[in-house]
Amino acid sequence: MERKQKNILLSAAVYLVIFIVYNLIVFMVFKNYNDVFWISYGFMIAAFLLHILCVFLIFKNTSVKAVFFGIPLLSFSVYFVCAEFFCSFVFMIFKTMANAKLALTIQALLLCAFIIIAIISIMARDTVQSVNDKIKGNVSFIKGLNVDVEMLMQRSTAPDVTASLKKLSETIKYSDPMSNSIVAVQEQMIMQYMTELRSAFDAGDMALVKDICGKIELLFIERNKKLMVSK
């Protein structure tokens, strides 16, 4: 946590230095400020702040990249700042000849285009993250069941029971990790049978253990077929 806070403070210091240097250059180079100058200056500051906001949103979740047509949002953010810097600087240079409405329109369009790209990129990233989280949850469900079966295998002393548990373990291991409402009934029944399987094993009823293994295996086969059809 201390390292993260240190990085945040260092990044803030860098951006503060850039902001100060930019202002020193602008107000030392240009004089006789008019509407075109202040419009351009305002859009440049807005671009700078928007870039910082994008950096914050990007690094808040680094597990999935925010991209737009394959280009990372961070790169787009840098391109946008550079484009706005060039555009605003040109208008500042020709502030006496440029039209305020033209300066406002061009830079507003540039800003709006980037905001749209940023929103789409972050929405796409959040959607991918949601899918990834769901997959991780389903994988954990499958792995948890397999761990339970493997633990029973280790405790088993009867070869025929071990063979049934091993076959069930293989079925679980290679089952589709995805899930949806179509297989909710099968998954609920699997969980119920797993509870019965552990109880039967602890009670020493190995005939029932083998019977339940077969039922769970059939449920997994049915679940996997339904998932395949629903894709």
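Before any of the text, the structure's been laid out above.
Okay, so let's go over this structure.

Analysis parameters
- Residues numbered from 1 in each chain as written.
- Predicted model: local features only at pLDDT ≥ 70, side-chain atom pairs only at ≥ 80, totals over all residues.
- Heavy atoms only, no water.
- Helix = DSSP H or I, 4+ residues; strand = E, 2+ residues; numbered from the N terminus.
- Buried < 20%, exposed > 50% of the residue type's maximum accessible area, 1.4 Å probe, protein only.
- Contact = heavy atoms within 4.5 Å.
- Areas by Shrake-Rupley, 256 points an atom, 1.4 Å probe, with all protein chains shown as cover.
- Axes fitted to C-alpha atoms, helices over the stretch in contact; angles between N-to-C directions.
- Parallel < 35°, antiparallel > 145°, perpendicular 65-115°, else oblique.
- Left-handed = near helix turned anticlockwise from the far one by under 90°.
- Nonpolar A, V, L, I, M, F, W, Y, C, P; charged D, E, K, R; others polar.
- Expected span 1.5 Å × (residues − 1).
- Arc of directions from axis to C-beta.
- Phe/Tyr/Trp six-rings, centres within 6.5 Å; stacked < 30°, edge-to-face > 60°.

### Details of the overall build of the protein chain
Counting its regular elements, the protein chain contains seven helices and two strands. When the helices and strands of the protein chain are read in sequence order from the N terminus, they spell out α-α-β-β-α-α-α-α-α. The 231 residues of the protein chain split such that 35% are buried. Restricting to contacts in the protein chain with at least 6 residues of sequence separation, those with at least 24 account for 74%. On the protein chain, roughly 14200 Å² of surface is accessible, and the fraction owed to carbon and sulfur atoms is 69%.

### Comments concerning the packing of helix H5 (residues 159-173) against helix H7 (residues 206-230)
Working note: a packed helix pair is described by the angle between its axes plus the distance between those axes. For the pair H5 and H7, the least separation of the axes is 9 Å and the interaxial angle reads 15°. Judged on the interaxial angle alone, H7 and H5 are roughly parallel. The interaxial crossing formed by H5 with H7 has left-handed handedness. Every residue of H7 that contacts H5 at Asp160, Val161, Ser164, Leu165, Lys167, Leu168, Thr171 and Ile172 is listed here: Met206, Val209, Lys210, Cys213, Ile216, Glu217 and Phe220. Taken together, the residues of the contact of H5 with H7 break down into nine nonpolar, two polar and four charged.

### Side note on helix H6 (residues 184-203)
Over its 20 residues, H6 extends 29 Å from the first C-alpha to the last, a length consistent with the 28 Å expected when each residue adds 1.5 Å. Buried within H6 are the following residues: Gln186, Glu187, Ile190, Tyr193, Met194, Leu197, Ala200 and Phe201. Along the axis of H6, the buried positions cluster into a sector of 135°, meaning they face one direction only. In this structure, H6 carries Val185, Gln188, Asp202 and Ala203 as exposed residues pointing more than 90 degrees from its buried face. Just downstream of H6 lies Gly204, where phi reads positive at about 85°.

### Overview of the packing of aromatic side chains
Summed over all chains, the structure comprises 17 aromatic pairs. With a centroid separation of 5.1 Å and 85° between ring planes, the pair formed by Phe37 and Trp38 is classed as edge-to-face. On the accessibility criterion, Phe37 (0% relative accessible area) is buried. Residue Trp38 is classed as partly exposed on the basis of its relative accessible area of 42%. Summarising the aromatic geometry, the rings of Trp38 and Tyr41 are spaced 5.9 Å apart at their centres and angled 90° between planes, so their arrangement reads as edge-to-face.

### Here we look at the environment of Phe114
With respect to the element layout, Phe114 can be found in helix H4 (residues 100-155). Ignoring any residue separated from it by four or fewer positions in sequence, one finds Phe114 in contact with Leu50, Cys54, Leu73, Phe76, Ser77 and Phe80.

### As for the packing of H6 against H7
Close contact between H6 and H7 brings their axes to 9 Å; oriented N to C, the two are set at 165°. Put simply, H6 runs roughly antiparallel to H7. Two packed elements cross with a definite hand, and for H6 against H7 that hand is left-handed. Each of Gln186, Glu187, Met189, Ile190, Tyr193, Met194, Glu196, Leu197, Ala200 and Phe201 in H6 lies in contact with H7, whose residues at this interface are Met206, Leu208, Val209, Ile212, Cys213, Lys215, Ile216, Leu219, Phe220, Glu222, Arg223 and Lys226. Across the contact of H6 with H7, the residue classes tally to 15 nonpolar, one polar and six charged.

### What about H7?
Compared with the 36 Å implied by 1.5 Å per residue over 25 residues, the 36 Å span of H7 between its first and last C-alpha is a close match. Listed as buried for H7 are Val209, Ile212, Cys213, Ile216, Glu217, Leu219, Phe220, Arg223, Asn224 and Leu227.

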